[in-house]
Amino acid sequence: MKRVNAVVVGAGAAGGIVAKQLAVSGMSVVLFERGKWYTPADCRKDDLRNQRTTVLGNAFGPEDEGNPRVLVDAAGNAHVVLPSEGSYQNNAACVGGGTLSYGAQAWRYMPQDFRLKSTYGAPPGSSLEDWPISYDDLEPFYDQAEYEIGVSGDYSPTPFRSPRKRPLPMPPLPANREFEILEPAAKRLGLHPFPLPMLRNSVPYNDRGPCMRCRWCCGFACEVDAKNGSQNTVIPIALGTGNCELRMSSTVKEVLVDDKGRARGVSYFDESGHLQEQLSDIVVVSACAIESARLLLNSKSRLFPNGLGNRYDQVGRNLQGHHYTGAVGYFDHDTYDDMGPGASIAVMDYNHGTPGLVGGGMLANEFIRLPIHMVDRVPKDTPRWGLAHKQAMRAWHKRSIVIMGPTQQIPTADARVILDPAVKDQWGLPVARIQGNCHPHTFEIGAVQSQRAEAWLKEAGAIFTSRTGGKPATISAGQHQAGTCRMGNDPQSSVVNRNCQLHDVDNVFVIDGSVHVNNGGFNPVLTIMAIAYMASDALVHNWKGTGLRS
Amino acid sequence: MAGGVVAGAALAAGCASRGRGNWDFLNDGQAHTLAAICDQIIPADDFPSASQAGAVTYIDRQLARHYRRHREAYRAGLEQAELLSRKLAGVSLSQAPQKSQFEVVTAIEKEQPAFFALVRSHTFESFYGNPRHGGNRDAVSWRMLGLDEPPVRGRAQYDFTKGAQS
Ligand SMILES: Cc1cc2nc3c(=O)[nH]c(=O)nc-3n(C[C@H](O)[C@H](O)[C@H](O)COP(=O)(O)OP(=O)(O)OC[C@H]3O[C@@H](n4cnc5c(N)ncnc54)[C@H](O)[C@@H]3O)c2cc1C
Ligand code: SF4
């Protein structure tokens, strides 16, 4: 097969952007994706089989068959888990990755999020660090992500917004009923509510129409293609240059290394299951935090017996996601208006500055509730089954509001991805074994966040409330997975440098949520996108035509 | 109305709607026991019970598909449930009066917690999930909750038949 300049592994949020940036600069690229390309017509709006409720499987991959992982529980017992089980920690496997079916909240982190350790000090037992880059370094690339991929919303009502040079490219969607109920209440509490940022067209943008406000959004592909992901923005542009080839249903097995210790390409199983090689000048790993770590660990060679980039046993460590906490409020009037996407209003007042807490988190109302989601959200004193449960469903489905948010997760080095010594996937490759939990201070922050959500709901007129969150026994690093190939200046305590380049091998890059030093008190995808633009920029800048400038 | 009758009627409909004389996984006895448990989890009121809306059809289909891994749990669990019913109520679960069915199912929850948790989840999935899987017949639970069915479409603020201006 023809040698190319760059191989990119994973056509998700980050991989799609990298492929586009390199292809537009004139580099030849092969973009690998283990999943398929779904179209809006493939979205069956199935409440039981989508990317959020997966009891009958993941609509957008991976399949249950042949893709196990191993989860080690708090007591130290290992369990083989399937992609449709929550503890698998899945994101997605398709062109677009998570961005085909995500909720599309489009958050910038705050300047303090890049300086958590120097702002607060690291809690004992945590692996909290500052990033080697600052918010200001990333700002232009947040802007690029917002404009190229397309974000609607309006930060102007909140003084806590991160510094920015221009407003978002699209106005927010009109308020839904929850927004109207929650906004005045937040203001009475002295908070600064605003219409949250979304990677979703509120007006025609990028040659596609606006959101039609349906019931099935988060977890589903948008049937009118108003949700903006890599599959309907950057990837088509990359392919349009003629410099990028997308190879789907192709799983990359390992990064190949020559005897000088530099990458020479990848080996992969093609769509008919044959093992092939694709040679390249550089390799970019953008397989999402858990699979990126696994791919590096599976890339063993004489020079790198413990996997690529893993000289100091850092690959796979500091696995993070988000501990979601909040509250449900029950009202004596209808709160539900059947207007998607549902999530509409947020506050950033609680992200930083609470004495005793290392950060905090954003709080927002939840995505539109499907009946199946309500089953375990009826008031706490409801019997778990029987007529009373059915009647509680009828009483509260349209009369409740959920406020929650991603609590700043305090990382530990022991929360990690390693290779399972026994369990293999359909290709015979060792699968990811996930173990450890985040630092307990995370749960202290979460508990405060729940109380804050509860207070907001009460002020909005909830007749009673109940808290959600608690203390999960295992790490929650599925959709928001990050941290496994930390970015840093010190090769002994990080995996990549500020350009997302492996400390160990200068022509291998990890560009996705893996490089996050911490995951902010916000959903992560816009930061993943911004980092992809930033790292691509450096890569293109250092590219000499046949190799990298040293 | 006696529980057994409700379940029986629903089961007949379940089979007929699939155009087959048989279940994919269950036998008739198991199907009756399961229907009785499902109907304690979601009993009929002015809206149908779980099995009337197709719960057994849903579970049976998935035991032949996505829930193949739960077959043994169902086989053993339903057998155990029958033993419990004969012990506590003196008859097969689907034949017992409503009040005894409630007591037996309460005992199942206590003595077979893992099995009960499975049936509970699957019953809720069948009743509140998408009708295409054989439960929630005619989207009856969605109507019960007051959701528009079919759902309202095309509420965009812009007419997107015109598409984007490029
Ligand atoms: C239902 C849902 C809702 C979400 N909502 C939000 C939200 O509102 N806001 C937000 O910020 N984030 C949200 N997320 C998370 C967001 O989608 C992720 O943060 C983001 O997609 C991660 O980007 P990534 O590039 O790291 O990985 P992905 O987007 O997951 O892309 C990685 C790709 O690599 C492929 N791949 C992996 N291994 C291999 C291999 N060996 N060979 C070939 N290909 C491979 C995968 O199949 C996948 O397509 C949501 C996710 C889901 C599923
Ligand atoms: S709510 Fe809007 S963006 Fe979401 S799936 Fe429906 S139409 Fe698409």
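No experiment lies behind these values; they were computed from the predicted model shown. (Residues numbered from 1 in each chain as written. Chains lettered and ligands numbered in written order. Predicted model: local features only at pLDDT ≥ 70, side-chain atom pairs only at ≥ 80, totals over all residues. Heavy atoms only, no water.)

1. Concerning the nonpolar core
Counting residues in hydrophobic clusters, the biggest one holds 109 residues, and the most contacted among them are Trp107, Leu199, Ile282, Leu308, Leu502, Ile511 and Met529 of chain A. By residue number, the principal contributor to this core is helix α10 (residues 525–542) of chain A, which donates eleven residues. Filtering out sequence-adjacent residues up to four positions away, Leu199 of chain A remains in contact with Tyr102, Ala104, Gln105, Ala106, Ile149, Gly150, Val151, Lys227, Asn228, Val525, Leu526 and Met529 of chain A. Grouped together as the second largest cluster of nonpolar side chains are 66 residues, Ala50, Ala55, Tyr67 and Val119 of chain B included. (Core = buried A, V, L, I, M, F, W, Y, C linked by side-chain atoms within 4.5 Å. Buried < 20%, exposed > 50% of the residue type's maximum accessible area, 1.4 Å probe, protein only. Helix = DSSP H or I, 4+ residues; strand = E, 2+ residues; numbered from the N terminus. Contact = heavy atoms within 4.5 Å.)

2. What about the site of ligand 2?
The local shell around ligand 2 consists of Lys45, Arg200, Cys211, Met212, Arg213, Cys214, Trp216, Cys217, Cys222, Val224, Gly340 and Pro341 of chain A. By residue class, the composition of the shell around ligand 2 is eight nonpolar, one polar and three charged. (Near = heavy atom within 4 Å. Nonpolar A, V, L, I, M, F, W, Y, C, P; charged D, E, K, R; others polar.)

3. Considering the layout of surface pockets
Size it by volume and the second largest pocket reaches roughly 550 Å³. Grouping the amino acids of the lining of the second largest pocket by side-chain chemistry returns eight nonpolar, seven polar and eleven charged. (1 Å grid on protein atoms, 1.4 Å probe; cavity = no way out; pocket = protein on both sides within 12 Å on 5 of 7 lines; lining within 4 Å. Points joined across faces, edges and corners; volume = space filled by probe spheres on them.)

4. Side note on the site of ligand 1
Residues and elements named next belong to chain A. Close contacts around ligand 1 come from 37 residues, with Glu33, Arg34, Asn91, Gln105 and Val525 the closest. The backbone of Ala13 places a nitrogen or oxygen atom 3.2 Å from an oxygen atom of ligand 1. At a separation of 3.0 Å, an oxygen atom of ligand 1 approaches a polar backbone atom of Cys94. Only α1 (13–24), β7 (251–257) and α10 provide two or more residues apiece to the shell around ligand 1. Among the residues making up the shell around ligand 1, the classes are represented as 16 nonpolar, 17 polar and four charged. (Polar contact = N/O pair within 3.5 Å; in protein donor to acceptor, adjacent residues only side chain to side chain.)

5. A word on the interface of chain A and chain B
Taken together, the contact pairs 49 residues of chain A with 48 residues of chain B. Summing both sides of the interface, chain A and chain B together bury roughly 4,100 Å²; the carbon and sulfur share of this comes to 59%. It is Trp385, Lys390 and Arg394 of chain A in chain A that bury the most area against chain B; as a group they hold 20% of the surface buried on that side. Summed over the shared surface of chain A and chain B, the result is five salt bridges. Contributing elements (two or more residues each) for the side of chain A that touches chain B: α7 (371–374) and α8 (387–396) of chain A. Sort the elements by how many residues they give to the side of chain A that touches chain B and α8 of chain A lands first, with six residues. When the residues that make up the side of chain A that touches chain B are grouped by side-chain class, the tally is 22 nonpolar, eight polar and 19 charged. (Buried area = accessible area lost by both parts, 1.4 Å probe. Salt bridge = Lys/Arg side-chain N within 4 Å of Asp/Glu carboxyl O.)

6. Some words on the packing of helix α2 (residues 28–41) of chain B against helix α3 (residues 55–63) of chain B
When two helices pack together, their arrangement is captured by the angle between the axes and the distance separating the axes. Residues and elements named next belong to chain B. At a minimum axis distance of 9 Å, the contact between α2 and α3 shows a crossing angle of 120°. Viewed along their axes, α2 and α3 adopt a mutual orientation that is oblique. The crossing of α2 and α3 is right-handed. For the pair α2 and α3, contact is made by Ala31, Leu34, Ala35 and Cys38 and by Ala55, Val56 and Ile59, respectively. (Axes fitted to C-alpha atoms, helices over the stretch in contact; angles between N-to-C directions. Parallel < 35°, antiparallel > 145°, perpendicular 65-115°, else oblique. Left-handed = near helix turned anticlockwise from the far one by under 90°.)

7. Topic: the packing of α8 of chain A against helix α6 (residues 113–128) of chain B
Orientation of α8 of chain A relative to α6 of chain B, taken along the N-to-C sense of each, is 40°, at an axis distance of 14 Å. By the criterion of interaxial angle, the relationship of α8 of chain A to α6 of chain B is oblique. Handedness of the crossing formed by α8 of chain A with α6 of chain B: right-handed. Contacts from His389, Lys390 and Met393 of chain A of α8 of chain A reach α6 of chain B at Arg120, Phe124, Phe127 and Tyr128 of chain B. Tallied by class, residues from the contact of α8 of chain A with α6 of chain B come to four nonpolar, one polar and two charged.

8. Remarks on empty space enclosed by the protein
All names here are of chain A. Tallied over the entire structure, the rule returns eight cavities of 30 Å³ or more. As a volume, the largest cavity reaches approximately 110 Å³. In this structure, the largest cavity is lined by 14 residues; those nearest its centre are Asn176, Glu178, Tyr336, Gly342 and Ile368. Along the lines of polarity and charge, the residues of the lining of the largest cavity split into six nonpolar, three polar and five charged. Quantified by volume, the second largest cavity comes out at close to 90 Å³. In terms of lining residues, the second largest cavity is bounded by 13 residues, among which Cys211, Met212, Cys214, Cys217 and Cys222 are the most central. Partitioning the lining of the second largest cavity into residue classes produces eight nonpolar, no polar and five charged.

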